Amino acid sequence: MLRIRSLLLVPLGVLLSGCLSVTPRGLVEMAGFDPLQMNPAELGAGLGVPDSIRLVDGDAMIAMSYLVRGEPAPRVNEMFLLELSDSTEVAGTPLPVEGERIYVGRLSRLDAIRMKDVQARILRYRSEGLAGQGSFSVSLRGGCTTAPLLTRLPFRTFVKTRPDAAYVETTRRTDFLASLPRSQREVFLAEFRTCSQPG
């Protein structure tokens, strides 16, 4: 499964996918965002995709990991599936550009509790002197398309870190598919299906 990483300059570490262009506001927002201290129940994520793509619960996720320095594999490597809604159904969400549909997501109650446990585990490792590098990312996992053939995937992301905050665009709209090697692109496209309904 390919992960589109979109949040960066967080205290856990720096995430910057070469295929995504970070916005200045995104840099500022993420510089003040601590994924180990935030309330997972208040976290919101947004994904801008072509309007031919439909996403449902589970088609996007948040991932958190923590790799202790000198160890071959992460001690923490957790995924949290997002509950998604079309942004037109949610007040205060970003406006789509022409040809775009924006989805906003949040964690389920159980996943918010599970993320709190993950935060506590990473903080415990750090308090024990186990220094390392962590990551926090918003990822697209799949979906369906109404287009005959998906050849481009303009994609951008947003984040909302507090209940009273607005969604901030963290990465600019970029064609993700064009940046992938052919083999990876084929794997990613295989996770998309043809929508059974056109709407």
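Residues numbered from 1 in each chain as written. Predicted model: local features only at pLDDT ≥ 70, side-chain atom pairs only at ≥ 80, totals over all residues. Heavy atoms only, no water.

**Q** Explanation requested: the nonpolar core in the structure shown.
**A** One recurring pattern in soluble globular proteins: nonpolar side chains tend to sit buried together. The biggest cluster of nonpolar side chains holds 37 residues, and the ones touching the most others in it are Ile62, Met64, Met115, Phe136, Leu140 and Phe188. Sorting the residues of this core by element identifies strand S1 (44-50), strand S3 (60-68), strand S4 (76-86), strand S5 (100-107), helix H2 (109-127), strand S6 (132-140), strand S8 (154-160) and helix H3 (176-179) as the ones contributing at least two each. (Core = buried A, V, L, I, M, F, W, Y, C linked by side-chain atoms within 4.5 Å. Buried < 20%, exposed > 50% of the residue type's maximum accessible area, 1.4 Å probe, protein only. Helix = DSSP H or I, 4+ residues; strand = E, 2+ residues; numbered from the N terminus.)

**Q** Which parts of the structure should I look at to understand the state of the cysteines?
**A** As used here, a disulfide is simply a covalent bond connecting the sulfur atoms of two cysteines. Evaluation of the coordinates by the stated rule reveals one disulfide. Each disulfide pairs two cysteine sulfurs, and for cysteine 144 the partner residue is cysteine 195, the sulfurs being separated by 2.0 Å. Residues cysteine 144 and cysteine 195 are joined through a disulfide that is right-handed, its torsion about the S-S bond being 95°. Here the residue cysteine 144 occupies a position in strand S7 (residues 143-145), and cysteine 195 occupies one in the segment after strand S10 (192-194), the gap between them amounting to 51 residues. Cysteine 144 gets classed as buried once you look at its relative accessible area, which sits at 9%. (Disulfide = S-S within 2.5 Å.)

**Q** Explain the pattern of salt bridges here, please?
**A** Between side chains of opposite charge, a pair can form as their charged atoms come close. By the definition in use, this model includes twelve salt bridges. For arginine 75, the salt bridge is made with glutamate 71, and the minimal N-O distance between the two is 2.7 Å. Looking at arginine 75, the relative accessible area reads 34%, which means it is partly exposed. Relative accessible area serves as the criterion here: at 26%, glutamate 71 is assigned to the partly exposed category. Glutamate 100 is the salt-bridge partner of arginine 156, the closest N and O atoms lying 2.7 Å from each other. One end of the pair, arginine 156, is in strand S8; the other, glutamate 100, is in strand S5, and 56 residues separate them in sequence. Just as arginine 156 is buried, glutamate 100 falls in that class too. Put simply, Glu78, Asp111, Arg114 and Arg121 are held in one network by salt bridges that share partners. (Salt bridge = Lys/Arg side-chain N within 4 Å of Asp/Glu carboxyl O.)

**Q** How should I be thinking about the environment of leucine 189 in this particular structure?
**A** With respect to the helices and strands, the residue leucine 189 is situated in helix H4 (residues 182-190). For leucine 189, a relative accessible area of 27% gives the class partly exposed. If we ignore the near neighbours within four places in the chain, the residues touching leucine 189 are Leu150 and Leu177. (Contact = heavy atoms within 4.5 Å.)

**Q** Any chance you could explain H2 here in plain terms?
**A** Along an α-helix, residues three or four apart share an orientation, since each turn contains 3.6 residues. With 19 residues, H2 extends 27 Å from end C-alpha to end C-alpha; this agrees with the ideal 27 Å at 1.5 Å per step. Here H2 has its buried residues at Asp111, Ala112, Met115, Val118, Gln119, Ile122 and Tyr125. Down the axis of H2, the buried set is contained in an arc of 135°. They therefore lie on one face. Opposite the packed face of H2, turned more than 90 degrees from it, sit the exposed residues Arg109, Leu110 and Ser127. Looking at the buried positions of H2, the neighbouring elements they touch are S3, S4, S5 and S6. Positioned one or two residues after H2, glycine 129 has a phi angle of 85°, which is positive. (Expected span 1.5 Å × (residues − 1). Arc of directions from axis to C-beta.)

**Q** What's the story with the sheet that holds S10 in this structure? I'm lost.
**A** The three strands are arranged S2-S7-S10 in an open sheet whose pairing can be described as mixed. Lying at the two open borders of the sheet, with one neighbouring strand each, are strand S2 (53-54) and S10. Summarising the sheet, S7 and S10 pair through three bridges and their orientation is parallel. Across the sheet, residue cysteine 144 finds its bridge partner in S10, namely arginine 193. (Pairing = 2+ DSSP bridges.)

**Q** Just checking my understanding: could you explain the packing of aromatic side chains for this structure?
**A** Pairs of aromatic rings are described using the distance from one ring centre to the other and the angle between the two planes. Tallying each qualifying case throughout the model produces one aromatic pair. Judged by centre distance (6.4 Å) and plane angle (10°), the ring pair of tyrosine 66 and tyrosine 125 falls under stacked. Placement of tyrosine 66 in strand S3 and of tyrosine 125 in helix H2 is noted, with a sequence separation of 59 residues between them. Look at tyrosine 66 and you get buried, because its relative accessible area is 3%. A cation sits over an aromatic face here: arginine 75 above tyrosine 125, 5.3 Å from the ring centre. In this structure, arginine 124 is placed above the aromatic ring of tyrosine 125, and the distance from its NZ or CZ to the ring centre is 5.7 Å. (Phe/Tyr/Trp six-rings, centres within 6.5 Å; stacked < 30°, edge-to-face > 60°. Lys NZ or Arg CZ within 6 Å of the ring centre and 35° of its normal.)

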